[in-house]
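Listed below are the residues making up each chain.
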Amino acid sequence: MEQLKLAARNARKKTIVPVKQVRIGEGFVVIAGPCSVESEEQMLITARMVKEAGADMLRGGAFKPRTSPYAFQGLGLEGLKILEKAGRETGLPVVTEVVDPRDVTWVCEFADVLQIGTRNMQNFALLKEVGKANKPVLLKRGMYSSLKEWLYSIEYILNAGNPHVILCERGIRTFETYTRNTLDISAVPAMKELTHLPIIVDPSHATGRVSMIESMSLAAVSAGADGLLVEVHFKPEIALSDKDQQLNPRQFKQMMWKLRKLVQFHQQLAKQKSPRGET
Ligand code: PEP
Ligand code: MN
């Protein structure tokens, strides 16, 4: 097995990824927005609502890697323009997925962070290309990938020259079918032991169920995650993709209130000395 030269915990001090006014790896960062950019109205209304509820960044897919070729594939360039406009209007930096190495350069003109989705975690041509980009990369864990394989994918990006990588645990395939995937919450402390990079959790794709998003988000805070990537839609019932897992604005607002409380609690806890055990 080859040695990790750049991704390993001891290769560097803790990485903070700057994205405009946001610093990922300091505090708890919430990235929220719809699965797909569907229209200007949908994106702008949702963006204003997540901003008001306290989100730090905006997400929205313009290139959708869908399991079926007949499912909505995203609006492409038009979607990117809408996303950029929503980001500009709300002041929220934007994250969007790139699926083709040939698109990386021009997608950088619209995105503040380039997302690599679970299906492309081992698309090495794409990893090398985003490794050359001057935008941070949000690298999702492959749904069939071990932590070791994830580490080598990170190494590809760092080795190509891009030091700004944010990891995202989004659930893995197991024998369980009740949830869409199985959230591997232990990947959070594990990757903190193994790398110097920030790691966030995506409870939306991990569970596929609105009813479980809040509890898994709170679990992410307690596990020590640096943030969340969560799907929110102004009207999930009419969403063109992933309608069963997108929070509506009221649900998101309620969750944000609890998250803030829990984040504050952990910050207070970190300042306190824990009682010494019996000797
Ligand atoms: C997404 O975040 O839009 C997405 C498609 O997620 P994943 O790659 O984790 O399935
Ligand atoms: Mn989705």
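Rules behind the numbers
- Residues numbered from 1 in each chain as written.
- Chains lettered and ligands numbered in written order.
- Predicted model: local features only at pLDDT ≥ 70, side-chain atom pairs only at ≥ 80, totals over all residues.
- Heavy atoms only, no water.
- Near = heavy atom within 4 Å.
- Polar contact = N/O pair within 3.5 Å; in protein donor to acceptor, adjacent residues only side chain to side chain.
- Nonpolar A, V, L, I, M, F, W, Y, C, P; charged D, E, K, R; others polar.
- Helix = DSSP H or I, 4+ residues; strand = E, 2+ residues; numbered from the N terminus.
- Buried < 20%, exposed > 50% of the residue type's maximum accessible area, 1.4 Å probe, protein only.
- Lys, Arg positive; Asp, Glu negative; His and termini not counted.
- Salt bridge = Lys/Arg side-chain N within 4 Å of Asp/Glu carboxyl O.
- Contact = heavy atoms within 4.5 Å.
- Donors = N, O, S within 2.8 Å, 3.2 Å for Na, K, Ca; no water.
- Pairing = 2+ DSSP bridges.
- Right-handed = clockwise from strand over helix to strand, strands pointing away.
- Core = buried A, V, L, I, M, F, W, Y, C linked by side-chain atoms within 4.5 Å.

Examining the site of ligand 1
Okay, so step 1: Around ligand 1, the surrounding shell consists of Arg 59, Lys 64, Glu 97, Gln 115, Gly 117, Thr 118, Arg 119, Lys 140, Arg 170 and His 205.
Okay, so step 2: One nitrogen or oxygen atom from the side chain of Arg 59 is found 2.8 Å from an oxygen atom belonging to ligand 1.
Okay, so step 3: Within the backbone of Thr 118, an N or O atom sits 2.8 Å from an oxygen atom of ligand 1.
Okay, so step 4: Its residues placed into classes, the shell around ligand 1 shows no nonpolar, four polar and six charged.

Observations concerning the side chain of Lys 64
Okay, so step 1: Mapped onto the fold, Lys 64 is located in the loop between β4 (57-59) and α2 (77-90).
Okay, so step 2: Although Lys 64 lies buried, it forms no salt bridge, and the closest oppositely charged side chain, Glu 231, sits 5.1 Å away as judged by the N-O distance.
Okay, so step 3: Excluding residues that lie within four positions of it along the chain, Lys 64 makes contacts with Cys 35, Ser 36, Arg 59, Phe 72, Gln 73, Gly 74 and Ser 241.

A word on the coordination of the manganese ion (ligand 2)
Okay, so step 1: Those donors, Cys 35 (SG), His 205 (NE2), Glu 231 (OE) and Asp 242 (OD), are the protein atoms that reach the manganese ion (ligand 2), and they lie 2.0 to 2.3 Å from it.
Okay, so step 2: Sequence positions of the residues that donate to the manganese ion (ligand 2) give the spacing C-x169-H-x25-E-x10-D. Of the two residues, His 205 sits in helix α7 (residues 203-207) while Asp 242 sits in the loop between β10 (227-231) and α9 (249-271), which places them 37 residues apart along the sequence. Judged on exposure class, the residue His 205 and its partner Asp 242 are both buried.

Quick notes on the pairing of strand β3 (residues 29-33)
Okay, so step 1: Across the five residues that make up β3, a large majority, five, are buried.
Okay, so step 2: Here β3 shows no split at all, with Val 29, Ile 31 and Gly 33 on one side and Val 30 and Ala 32 on the other all buried.
Okay, so step 3: In terms of strand pairing, β3 meets β10 through five bridges, oriented parallel. By the bridge assignment, Gly 33 is partnered in β10 with Glu 231.
Okay, so step 4: Strand direction decides the pairing type here: β3 and β4, joined by two bridges, are parallel. Within the sheet, the bridge partner assigned to Ala 32 lies in β4 and is Leu 58.
Okay, so step 5: Handedness of the crossover joining β3 and β4 through helix α1 (residues 40-52) is recorded here as right-handed.

With respect to the environment of Gly 54
Okay, so step 1: In this fold, Gly 54 is placed in the loop between α1 and β4.
Okay, so step 2: For Gly 54, a relative accessible area of 27% corresponds to the partly exposed category.
Okay, so step 3: Sequence separation of Gly 54 and Phe 252 is 198 residues, and the distance between their C-alpha atoms is 9.6 Å.
Okay, so step 4: The residues contacting Gly 54, other than those within four sequence positions of it, are Met 256 and Arg 260.

Quick look at the nonpolar core
Okay, so step 1: Within the largest apolar cluster, 66 residues are counted, with the highest numbers of intra-cluster contacts made by Leu 58, Leu 114, Leu 139, Trp 150, Ile 154 and Phe 252.
Okay, so step 2: Contacts of Ile 154, omitting those with residues within four sequence positions, involve Ala 7, Leu 139, Val 165, Leu 167, Met 191, Thr 195 and Leu 197.
Okay, so step 3: Counting 14 residues, the second largest nonpolar core, distinct from the first, contains Val 19, Val 22, Val 29 and Ile 31.

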